[in-house]
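Chains, contacts and geometry: an overview
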Amino acid sequence: MAQSPIGSPVLRREGGAKLAGATQYTDDLRIPGLLHGVTVRSPVARGRLRAVHFGEGIPWEEFTIVRAADIPGRNAVAHILEDQPCLVDGEIRHAEEAVLLLAHEDRALAELARTRVRLDFEALPAVLSLDEALETRERVWGEDNTFKRILIEKGDPFDWAAAPRVHEGTYRTGAQEHVYIEPNAMIAEASPDGVLARGSLQCPYYVHHSLQALLGLPPERIRVVQLDTGGGFGGKEDFPSMIAAHAALLSWKAGGRPVKIAYDREEDMACTTKRHPSRTRIRSAFAPDGTLLALEIEFILDGGAYLTLSPVVLSRGALHASGPYRCGHIRIEARAVATNTPPHGAFRGFGAPQSLFAIERHMTEAARRLGMDPAELRRKNLLRPGDTMATGQVLRDAVDLPALMDRALAEIGYREKRPLDARLHERPGRPRRGIGFAVFMHGGGFTGGGEVFLGSVAAVEGTVEGRFRVLAASTEIGQGATTVFGQIAAEALGCPLEAVEVARPDTAVVPNSGPTVASRTTQVVGKLIFDAALALRKTLLESGHLAEGGDVSAAARAFIAARGALRAESRYQKPPFVQWDDAAYRGDAYATYAWACYAAEVSADSRTYEVRVEDFVAVQEVGRVVNPTLAAGQIEGGVAQGIGWALSEEVVWRDGRMANAQMTNYLIPTSADLPRIRAFFEESPYPYGPGGAKGIGELPMDGPAPAILNAVQEALGVEARELPLTPERLLDLVEPEAADG
Amino acid sequence: MAEKILLWMTVNGEARSAEVFPMARLLDVIREDWGLTGTKEGCGEGECGACSVILDGVLVNACLIPAVQAQGGELLTVEGLARKGELDPLQEAFLHHGGAQCGFCTPGMLMAGTHLLAQGGPGDEAEARAGLAGNLCRCTGYNRIVDAVLAARREHP
């Protein structure tokens, strides 16, 4: 029998086109009559717009110009709330906020015109950081600048005064820019008759939903199509709704002419969402033998100027904050605050990298202060199947965390190398080496009751040629979704891979399988496709057109010839054991988790304080691996982003604006900055995933930063608690006296 | 405003021309005038390498080259790699090793790899990493790109 499609290193479906340079991304399309849209933005973080002046030397009469008053429906980007306007209407709440839209046939003239618009505004005092938001000297949201609070409690209140050993620390992480290599781009054609928006995006139905409110149109008059997308990482989750809104408004005003808005790199970096900056305070109590007795965690995210997705990011961060540890007394207080920076948004990991960084740094610090090896402290406290997590969730995954940890430590040579490192440290002036690691998990799919709320649908249909078509709104953004969907459908149908097509996400064609986020595409949507394909096969079997072991394509042709159409749908149903109480924050936060131990060997130059990752091992348990090549590619790429976040990627803020909105001085890792990232998989099939698969997209973002800073502690003996750990920050830690001078 | 010039070049083995301003970016000429949209713009300031092309045997960022500087030159873009619809060995190696994910850095990365191979390199992984360091990828972590270039060198010396 041929190897089953699931588990095979099937080549990327669209790979040939990408390698030939034939794939057409949004800005590659040639569209007759196209207007180029540009956005005039606020230069101040907070204020009131008084007037707009159109400068000399521009043929303004040739331009399409849109302001807030031109919006036919509601001036909002509809998400959880409708608090974020598409265009400033009086009140300015962050720098780079869109005030006015311009469109012209000549792209260069449109760019020039943008610089000739002068905004007359009254500046107001702004809240520019998480700490300022907490001080509440200025109130920019509600009573106390708080978007959302979450409290998670486990066990009775703990008597801290009686605790044998207590460790405390405060950990900070900075904003992170996605730097997908394709900047955002969208094309819209809009009129009261209907709207077509096409572009680079992750979530077609988010854009679809948002355009309804904006234009006051019923859903059937709106069509959103995902074009080939050059990376997303969460950065094209919610912001494309804004760009589509702008392009649609310009097109609407221009009588339905197509309008393209394509950001350049600077605009994309400065104006779109970034990873939420965070501050996490942890207090832990241990028994003298290292048993973890209690955890008290305060987790705070800077949400920026509007609510957007911050409550959901906060939720995932809070639910991962106590890490993979058994602990009788846990208290997690989480809070997302409002500031006057551009709204922070989804970025691979969605809050979990921030809180896991804190707990995994904290555990290594605590081990050293207790005089224990960090591996032994963890071994004593790691969760085991049957243990209860912070929300009362009983761990059902058949995972052996100590074994995962041991495998990672063996691969990186933890036991053999550390005595050598100690000898190296006796030689002054040489780079010092250290090995650190982190143990962590990442919940697959939406948090809590999110998947039930979404009620996603996917479908599989047969064609008259005897082929099969997968219909889902989940987008290929480089992660391999279409390849994996093809494998899953072929496996369930019992047909060759070549007989399966995957439809382009187009809201006129595909059902709403939910957004392409939350490590849910393979695990959740893949399962819907698997079940729809099984149902379609069952239809063929029961109709008598297909016998067991027979030719499915021939059966589909015969069925369609006899009956006209062949299609099956599947709607999300939660695994029966999942119970979640969103009011109390109790229950099964995620149906399952991917589990991992990542280990890093670093060298720290004792003169320049530059930290280099010399070796990186990523061991994970992800259920069944659907495609080994693509899965390893996800892990390696996520680790690279994590290494960048840990060491070099710093968003420099000046008066609420990103001062380094360029690839020249916002530094993502190059091939020369990274070691070979070594990924290893343990496979423990998850009964409710397609063929046993779990989600893996976000997992690799969680581990690198704590592993690397833990390694720096081993190399230099410093407790680094802030990301990114640039040479300047490390210098301040190692030579605090130099910082004063 | 400057007068337009007639730019003529050999592009992927064929003679091409365009009437362009002398300081027009070669990238825009390639994409807009010649419709060769395989060459991408990722940053417009020579950092990301998505617009890498080979001009007279030299790997350059097309966003930084004014048209006038390319006059009479021989240009190779990603569209010139495949022969009669068959991917070239480096493209094949990228496909098999998983070197392309979102695909947006891929054309530039292929040109950088092609240039490395044309120079007789890379001899080992470190040389490959150094040779590709002018091209940014945000998806792969580079393992598979490095592997593809090394494999192409090994299998098609």
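Residues numbered from 1 in each chain as written. Chains lettered and ligands numbered in written order. Predicted model: local features only at pLDDT ≥ 70, side-chain atom pairs only at ≥ 80, totals over all residues. Heavy atoms only, no water.

The next point concerns the domain arrangement of chain B. How big an interface is tends to be stated in terms of the accessible area lost upon association of its parts. All names here are of chain B. Looking at the assigned domains, one finds that chain B contains domain 1 (5-80) and domain 2 (89-155). Taken together, the contacts link 16 residues of domain 1 with 13 residues of domain 2. Summed over both partners, the interface of domain 1 with domain 2 comes to about 1100 Å²; 67% of that surface belongs to carbon and sulfur atoms. In terms of surface lost to domain 2, no three residues of domain 1 exceed Lys40, Leu59 and Val78, which account for 39% of the buried area on that side. In this assembly, domain 1 and domain 2 are joined by four residue pairs in polar contact (both at pLDDT 80 or more). Counting only elements with at least two residues in the side of domain 1 that touches domain 2, the list comes to strand 3 (52-55) and strand 4 (58-61). The greatest single-element share of the side of domain 1 that touches domain 2, amounting to three residues, is contributed by strand 3. (Domains from an automatic or database assignment. Contact = heavy atoms within 4.5 Å. Buried area = accessible area lost by both parts, 1.4 Å probe. Polar contact = N/O pair within 3.5 Å; in protein donor to acceptor, adjacent residues only side chain to side chain. Helix = DSSP H or I, 4+ residues; strand = E, 2+ residues; numbered from the N terminus.)

Let us look at the sheet that holds strand 13 (residues 278-286) of chain A. Residue and element names in this part refer to chain A. An order of 7-15-14-13-8 is seen for the five strands of this open sheet, with the pairing classed as mixed. A single partner strand is all that each edge strand has here, and the edge strands are strand 7 (146-154) and strand 8 (165-173). For this sheet the average axis-to-axis angle between neighbouring strands, irrespective of direction, equals 5°. Sheet analysis places strand 13 next to strand 14 (residues 292-302), joined by nine bridges and oriented antiparallel. Paired with serine 284 across the strands is leucine 295, a residue of strand 14. Sheet strands in contact with helix 7 (residues 310-319) are strand 7, strand 14 and strand 15 (329-337), and its direction is about 25° off that of strand 7. (Pairing = 2+ DSSP bridges. Axes fitted to C-alpha atoms, helices over the stretch in contact; angles between N-to-C directions.)

Moving on: the packing of helix 9 (residues 374-381) of chain A against helix 10 (residues 401-412) of chain A. Residue and element names in this part refer to chain A. At their nearest, the axes of helix 9 and helix 10 sit 10 Å apart, and the two run at 160° to each other. Taken together, the axes of helix 9 and helix 10 lie roughly antiparallel to each other. Helix 10 is crossed by helix 9, and the crossing has right-handed handedness. Mapping the contact onto sequence places Ala375, Arg378 and Arg379 in helix 9 and Pro402, Met405, Asp406 and Leu409 in helix 10. (Parallel < 35°, antiparallel > 145°, perpendicular 65-115°, else oblique. Left-handed = near helix turned anticlockwise from the far one by under 90°.)

With that settled, consider the domain arrangement of chain A. Residue and element names in this part refer to chain A. For chain A, the assigned domains read domain 1 (15-22 + 450-571), domain 2 (31-124 + 178-271) and domain 3 (278-447 + 586-740). Each of domain 1 and domain 2 has a C-alpha centre, and the two are 34 Å apart. Three residues stand out in domain 1 for area buried against domain 2, namely Ile477, Arg504 and Thr507, and they jointly supply 41% of the buried area on that side. Across the contact surface, domain 1 and domain 2 share two salt bridges. Taking the shortest distance from any N to any O, the salt bridge between aspartate 228 and arginine 504 comes out at 3.0 Å. (Salt bridge = Lys/Arg side-chain N within 4 Å of Asp/Glu carboxyl O.)

What follows concerns the nonpolar core. Among the nonpolar cores identified, the biggest contains 163 residues, and Phe437, Trp595, Tyr598, Phe616 and Ile708 of chain A together with Phe94 of chain B are the most heavily contacted of them. At 10 residues, the largest contribution of residues to this core is made by strand 23 (residues 593-604) of chain A. Ignoring any residue separated from it by four or fewer positions in sequence, one finds isoleucine 708 of chain A in contact with Ala600, Val602, Val613, Ile643, Ala646 and Leu647 of chain A. If you look at the next biggest cluster of nonpolar residues, it comprises 37 residues, including Phe485, Cys495, Leu540 and Phe559 of chain A. (Core = buried A, V, L, I, M, F, W, Y, C linked by side-chain atoms within 4.5 Å. Buried < 20%, exposed > 50% of the residue type's maximum accessible area, 1.4 Å probe, protein only.)

This paragraph deals with the interface of chain A and chain B. Facing the 53 residues of chain A at the interface are 43 residues of chain B. Run the count over chain A and chain B and you get eight salt bridges. With a closest N to O distance of 2.5 Å, aspartate 147 of chain B and arginine 676 of chain A form a salt bridge. Applying the counting rule to chain A against chain B returns 29 residue pairs in polar contact (both at pLDDT 80 or more). The leading source of residues in the side of chain A that touches chain B is helix 16 (residues 628-647) of chain A, at eight residues. When its residues are assigned to classes, the side of chain A that touches chain B shows 20 nonpolar, 20 polar and 13 charged. (Nonpolar A, V, L, I, M, F, W, Y, C, P; charged D, E, K, R; others polar.)

The subject of this paragraph is unusual backbone geometry. Put simply, leucine 723 of chain A and proline 724 of chain A share a cis peptide bond, and its omega is -10°. Within the element layout of this structure, proline 724 of chain A appears in the loop between helix 18 (704-716) and helix 19 (727-734). Note that the residue after glycine 121 of chain B, namely proline 122 of chain B, is joined by a cis bond; omega there is -10°. You can see proline 122 of chain B is positioned in the loop between helix 3 (106-118) and helix 4 (125-131). At glutamate 96 of chain A, a residue that is not glycine, the phi angle is positive and equals roughly 70°. On the secondary structure map, glutamate 96 of chain A appears in the loop between strand 4 (91-92) and strand 5 (98-104). Its identity is not glycine, yet alanine 518 of chain A carries a phi of approximately 60°, on the positive side. Mapped onto the elements of the fold, alanine 518 of chain A is located in the loop between strand 19 (500-502) and helix 14 (521-543). Residue alanine 518 of chain A is classed as buried on the basis of its relative accessible area of 12%.

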